[in-house]
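What follows is each chain in one-letter form.
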Amino acid sequence: MPELPEVETVKTTLNRLVAGKTIARASVTLPRIIRHPADPAHFCALLEGQTIREIARRGKFLRFLLTDYVLVSHLRMEGRYGVYRTEEEVGKHTHVIFHFTDGTELRYRDVRQFGTMHLFAAGEELASPPLNKLGLEPLDDSFTLKEFRRRLEVRPTKIKPLLLNQEYVAGLGNIYVDESLFAAGLHPEREASSLTSAEWARLHAAIVSTLKEAVRAGGSSVKSYVNGQGEMGMFQQQLKVYGRKNEPCFRCGSPIEKFVVGGRGTHICPACQPLRRKRRTKRSPIHAT
C-alpha cells in the first residue's frame, strides 16, 4: 500500500498534469469505489463543470480541491491515476474516468478494487470520515516533538503498532516505520511508555528525516507502486532494513532479521536495535504512622 511519500509523489505529479483542468463529465464502472455520496450517478453529476484547483494530501489520502467540492481518494493496495487522450484505449481495471473539457482524461485504475472515493462540499471533508480521525501529519509544522510525545508516550503498547495506527500519526506504513525505528536505534517491540526523552527525540527526528528523504526520491517502488506518470520511486535503493532479510546491516554487518510484530512483517538489525525492556521499580513499603 502506498505510504505518505508515495502519495505525496502522486500528488505532486497530478498537480503538474491536471491542476486547472475542468471536468466535463465523469463515469464510474465500479460503483463500490464511490463511498460518498452513495449514488455514483449523483457523484458524477456533482463533478460536472468542476475545475481542479489543486491536489493536496492528508496522510495516505489524496484531496482533489475542486471549485465547490473536495474529492478524497485512497489508492489502497494498487490504485493508480493516469492522464490519457480521449481516443486512447481504456485499459482493463479502469473504474473511474474524469473527462476533461480539453479532450484529455484522468483515469483511475485499480486491479485489486480496494480504492475509495468520497466527495464532500468544500470544507466538510476534514470533519467527516475518513479524514476526521487522522492523527498528526508528520511533515507538517504541527508535528512537534512535544505533541508527538504527548500523544504516544502514555500508551502501554508496542511502538511499531502504535506508529502504524493512523489515529496517532497519519501516513506511516510498514516500510517507513521499520526504516524510522532502525534510524532511531529502537526495537519495534519496545513499549511506547518505556521510551526515554532522548529516544523520543531520536524517533521524532528519524520519522521526519526518513519521510523527507523518501519524498525527495519519489517514494519506494516495492512491489507495484508507480507515480501518476508511470514512473517508479527510487527510495527502495536506500532502504536500510526493510526487505533485506539475512543481508548485512550497513552499520555493523549483522544479518537483518525479519519477524512479525502486530501482524506485520518487521525488519530489524538485532545489534543496532536491541530490545531493552522497561525495568520495574520496586514500590516503597507503606508504614503506618
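Up top is the structure these notes are about.
Residues numbered from 1 in each chain as written. Predicted model: local features only at pLDDT ≥ 70, side-chain atom pairs only at ≥ 80, totals over all residues. Heavy atoms only, no water.

1. Section: empty space enclosed by the protein
Okay, step 1: Tallying each qualifying case throughout the model produces one cavity of 30 Å³ or more.
Okay, step 2: When its volume is computed, the largest cavity comes out at roughly 40 Å³.
Okay, step 3: Forming the walls of the largest cavity are Ile23, Leu47, Ile52, Phe64, Leu66, Leu71, Phe98 and Leu106.
Okay, step 4: Split by residue class, the lining of the largest cavity holds eight nonpolar, no polar and no charged. (1 Å grid on protein atoms, 1.4 Å probe; cavity = no way out; pocket = protein on both sides within 12 Å on 5 of 7 lines; lining within 4 Å. Points joined across faces, edges and corners; volume = space filled by probe spheres on them. Nonpolar A, V, L, I, M, F, W, Y, C, P; charged D, E, K, R; others polar.)

2. Some words on helix H1 (residues 4-18)
Okay, step 1: With 15 residues, H1 ought to run about 21 Å at 1.5 Å a step, and its terminal C-alpha atoms sit 20 Å apart, in line with that.
Okay, step 2: The buried fraction of H1 is high, at eleven of 15 residues.
Okay, step 3: Residues Leu4, Pro5, Glu6, Val7, Glu8, Thr9, Val10, Lys11, Thr13, Leu14 and Val18 constitute the buried set of H1.
Okay, step 4: Within two residues after H1, Gly20 carries a phi angle of roughly 95 degrees, on the positive side. (Helix = DSSP H or I, 4+ residues; strand = E, 2+ residues; numbered from the N terminus. Expected span 1.5 Å × (residues − 1). Buried < 20%, exposed > 50% of the residue type's maximum accessible area, 1.4 Å probe, protein only.)

3. A few points about the packing of helix H5 (residues 174-184) against helix H6 (residues 197-216)
Okay, step 1: Following both chains from N to C, one finds H5 and H6 inclined at 130 degrees, their axes separated by 8 Å at the closest point. One finds that H5 runs oblique with respect to H6. The chirality of how H5 crosses H6 is right-handed. In contact with Tyr176, Glu179, Ser180, Leu181, Ala183 and Ala184 of H5, H6 contributes Arg202, Leu203, Ala206, Ile207, Thr210, Leu211 and Ala214.
Okay, step 2: Residue classes in the contact of H5 with H6 are distributed as nine nonpolar, two polar and two charged. (Axes fitted to C-alpha atoms, helices over the stretch in contact; angles between N-to-C directions. Parallel < 35°, antiparallel > 145°, perpendicular 65-115°, else oblique. Left-handed = near helix turned anticlockwise from the far one by under 90°. Contact = heavy atoms within 4.5 Å.)

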